[in-house]
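# Survey of secondary and tertiary structure
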Amino acid sequence: MAMRLNLLVEKPIKEEFEYIYEEQNRNSPSSLFIRGPYMMSEDVNKNNRKYPKHELQREVKRYTEEMIKTQRAMGELNHPASADVDLERACHLVTEMYEDGNVIIGKSKVLSTPCGLIVKSLINDGVKVGMSSRALGTLEEGSSFNTVRNMKLIAVDCVADPSCPKAFVNGILESKQFVLAEDGKFEELYTKFENNISSLPKKEVEKYLTEQILKFISKL
């Protein structure tokens, strides 16, 4: 049976982000970088979740090798409700991540994309923006907090409102579940549901729908 992974988004640990302008030489335009705490392990975070250190270390290492070193570690402006990165909404490129105690410090280059220019304008106008992780994982429920297992980091997104309302996060983003498809990509369960219906003969559709509705009701 396929493992069901929840979409997990995390509020920034602190709002202590640096905004740094760097230039290679006098003749080249300067680039804007954002640096600060991207993720945290072991301690219970603002969303009442704890990431075991070995889980975070494993994912940061994988993400560094597969995404950062290949210059594909893009993040979006605000969290989307998906397990993919939309290139049209990309606003920054993560250039490094390193461990400092239980905190993962990251650094990102703000891109010259439309969303990147919005981020740059916000910072130049004095607006504080931060970074917030987006990952898939399972939750091991505890009496006082939940522990994240099977973590897969999707992206670190740039958020203009670090205090994202809990109702929005839990009600819209984190209600989504994903499974690993045969092609190695993560697909939402409703997509799999639609595909299953389309592959059934018409006379079997009603029976299948009835079974799925009963399964849904049993989980309420």
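Heads up: these notes are all about the structure in this document. (Residues numbered from 1 in each chain as written. Predicted model: local features only at pLDDT ≥ 70, side-chain atom pairs only at ≥ 80, totals over all residues. Heavy atoms only, no water.)

## Some words on the packing of aromatic side chains
- Under the definition given, this model contains zero aromatic pairs.
- For K107, the ring lying beneath its charged end belongs to F33, and the centroid distance is 4.7 Å. (Phe/Tyr/Trp six-rings, centres within 6.5 Å; stacked < 30°, edge-to-face > 60°. Lys NZ or Arg CZ within 6 Å of the ring centre and 35° of its normal.)

## Some words on the state of the cysteines
- All chains considered together, the criterion is met by zero disulfides.
- Cysteine C115 shares no disulfide, and the gap to the nearest cysteine sulfur, in C91, comes to 6.5 Å.
- On the basis of relative accessibility, which here comes to 10%, the residue C115 falls in the buried class.
- Residue C158 stays outside any disulfide, its sulfur separated by 4.7 Å from that of C91, the closest cysteine. (Disulfide = S-S within 2.5 Å. Buried < 20%, exposed > 50% of the residue type's maximum accessible area, 1.4 Å probe, protein only.)

## Thoughts on the sheet that holds strand β3 (residues 31–40)
- The strand order across the open sheet formed by five strands is β2-β3-β7-β6-β5, and the pairing between neighbours is antiparallel. Strands with a single pairing partner mark the edges of an open sheet, and in this sheet they are β2 (18–22) and β5 (74–76). Across the sheet, the axes of successive neighbouring strands diverge by a mean angle of 35°, strand direction being ignored.
- Pairing of strand β6 (residues 90–100) with strand β7 (residues 103–110) involves eight bridges; the strand directions are antiparallel. The residue of β7 that forms the bridge with E96 is K107.
- Its contacts with the sheet place helix α1 (residues 53–68) against β3, β5, β6 and β7, and it is angled at close to 130° to β6.
- Across the sheet, helix α2 (residues 114–124) lies against β2, β3, β6 and β7, angled at about 70° from β6, the strand it touches most. (Pairing = 2+ DSSP bridges. Helix = DSSP H or I, 4+ residues; strand = E, 2+ residues; numbered from the N terminus. Axes fitted to C-alpha atoms, helices over the stretch in contact; angles between N-to-C directions. Contact = heavy atoms within 4.5 Å.)

## Focus on the pattern of salt bridges
- Evaluated as defined, the whole model comprises 13 salt bridges.
- The shortest N-O distance in the salt bridge between R58 and E59 comes to 3.0 Å.
- With a shortest N-O distance of 2.7 Å, D157 and R134 are connected by a salt bridge. Placement of D157 in strand β9 (residues 146–159) and of R134 in strand β8 (residues 130–141) is noted, with a sequence separation of 23 residues between them. (Salt bridge = Lys/Arg side-chain N within 4 Å of Asp/Glu carboxyl O.)

## Quick look at the environment of I105
- Mapping I105 onto the fold places it in strand β7.
- As a C-alpha pair, I105 and M39 span 66 residues in sequence and 7.3 Å in three-dimensional space.
- Beyond its immediate stretch of four places on either side in the chain, I105 contacts R35, G36, P37, E96, M97, Y98 and D100.

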